[in-house]
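What follows is each chain in one-letter form.
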Amino acid sequence: MADWQMAWNEIWALINIKSGDKVLDIGVGEEARSTKKLVELGAVVTAVDKDESRIALHKSLSATLIQCDASSLPFSDGYFDLAMAFATLHEIDPRSHRRVTREMVRVAKRLAIVESAPWGNPEAKAVGDIARRAYESMGSFEQRRPLGYWMGLLPPGVKVRSHAFTVKQHLDKKDVLKAAQKEGWPRECISQIKALVFGGDYDNKVFLILGSG
Ligand SMILES: C[S@@+](CC[C@H](N)C(=O)[O-])C[C@H]1O[C@@H](n2cnc3c(N)ncnc32)[C@H](O)[C@@H]1O
């Protein structure tokens, strides 16, 4: 099992950003890991998020940050060298997945999608299922899907390559409960997490899908 840092380095090497590339990053998120990495690699970065508060957190980055829904991108056809969704699609309403990936293909010459596969381990899967129900009840999404699901969203004619990495992911009950309280999960979901026995390192599969027109 590789550690995440090794997989992270390999993923970025395969994405192969060149200094000056015009890159669209879908989903800034709380930590803006992908946006920061793109800036560090010398890309000319535009990053979007539908949540204004996520944009506000990262105003100091050397990137153009725009609040919008990724299912309707305010950019012209082929404007970007690359459109990326780094650990973002699983948080987007599944009814928009096809629309979002078509928009990525429309606005860029290449695309890169990074996503985690569904948990293979029963303990971790039980935690993931509770998290998914908690988010759904709060109107958000947290849905891991198999590789074939994401590949199936891309229009015919896109040349696709995929890579898979098995990485170690640590699940600590105290951390999960802390996050659940902070995010305001329903009480019933918090009780279910409390009743579960879990903790430690689990195999997590991460996919990288690269596409070009
Ligand atoms: C897990 S975060 C992204 C992580 C980030 N790429 C990183 O590497 O740190 C997912 C983000 O997608 C945003 N999001 C969810 N649905 C969206 C949509 N329809 N359009 C744009 N952003 C969306 C959420 O607000 C959230 O900030």
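Conventions and cut-offs
Residues numbered from 1 in each chain as written. Predicted model: local features only at pLDDT ≥ 70, side-chain atom pairs only at ≥ 80, totals over all residues. Helix = DSSP H or I, 4+ residues; strand = E, 2+ residues; numbered from the N terminus. Rg over C-alpha atoms; globule rule 2.2 N^0.38 Å. Buried ≥ 20, exposed ≤ 12 C-beta atoms within 10 Å, placed from the backbone. Contact = placed C-beta atoms within 7 Å. Core = buried A, V, L, I, M, F, W, Y, C linked by C-beta atoms within 7 Å. Pairing = 2+ DSSP bridges. Axes fitted to C-alpha atoms, helices over the stretch in contact; angles between N-to-C directions. Near = placed C-beta within 6 Å. Nonpolar A, V, L, I, M, F, W, Y, C, P; charged D, E, K, R; others polar.

Draft legend 1. Spotlight on the overall build of the protein chain. Helix and strand content of the protein chain: eight helices and seven strands. Radius of gyration (C-alpha) of the protein chain: 17 Å, near the 17 Å computed for a compact globule of 213 residues. With respect to the principal axes defined by its C-alpha atoms, the protein chain has extents near 50 × 35 × 30 Å. By the burial criterion, 28% of the 213 residues in the protein chain qualify as buried. Taking as baseline every contact in the protein chain between residues at least 6 positions apart, the subset at least 24 positions apart corresponds to 73%.

Draft legend 2. Representation of the nonpolar core within the structure. Ranked by internal contacts, the top residues of the largest apolar core, which has 37 residues, are Val23, Ala83 and Met84. Excluding residues that lie within four positions of it along the chain, methionine 84 makes contacts with Val23, Leu24, Asp25, Ile26, Ser34 and Ala112. Ranked by size, the runner-up nonpolar core spans seven residues in total, among them Ala134, Val176, Ala180 and Trp185.

Draft legend 3. Region of the structure containing the pairing of strand β7 (residues 200-212). Summarising the sheet, strand β5 (residues 108-116) and β7 pair through seven bridges and their orientation is antiparallel. Paired with isoleucine 113 across the strands is isoleucine 209, a residue of β7. Sheet topology note: the strand β6 (residues 159-171)/β7 ladder contains 13 bridges and is antiparallel. Bridge pairing in β7 links valine 167 to asparagine 204.

Draft legend 4. Seen up close, the environment of glutamine 143. Mapped onto the elements, glutamine 143 comes out in the loop between α5 (122-137) and α6 (147-151). In this structure glutamine 143 comes out as partly exposed when scored by C-beta crowding, with 19 C-beta atoms within 10 Å. For the pair glutamine 143 and glutamate 91, spaced 52 residues apart in sequence, the C-alpha to C-alpha distance is 6.7 Å. Ignoring sequence-local partners within four residues, the contact set of glutamine 143 consists of His90, Pro94 and Arg132.

Draft legend 5. Inspection of the sheet that holds β7 at higher detail. Taken in spatial order, the seven strands of this open sheet run β3-β2-β1-β4-β5-β7-β6, and their pairing is mixed. Single-partner strands in this sheet number two, and they are β3 (64-67) and β6. In this sheet, adjacent strand axes meet at a mean angle of 20° when their direction is disregarded. Here five bridges tie strand β1 (residues 22-26) to strand β2 (residues 44-49), and the two strands are oriented parallel to one another. The residue bridging aspartate 25 from the neighbouring strand is alanine 47, located in β2.

Draft legend 6. The site of the ligand, seen in detail. If you check the shell around the ligand, you find 21 residues, and the closest are Gly27, Gly29, Arg33, Ser34 and Ala70. Residue assignment for the shell around the ligand shows that the elements contributing at least two residues are α2 (33-40) and β2. Each residue belonging to the shell around the ligand can be placed in one class, and the counts come to seven nonpolar, six polar and eight charged.

Read these as spatial facts, not as claims about activity.
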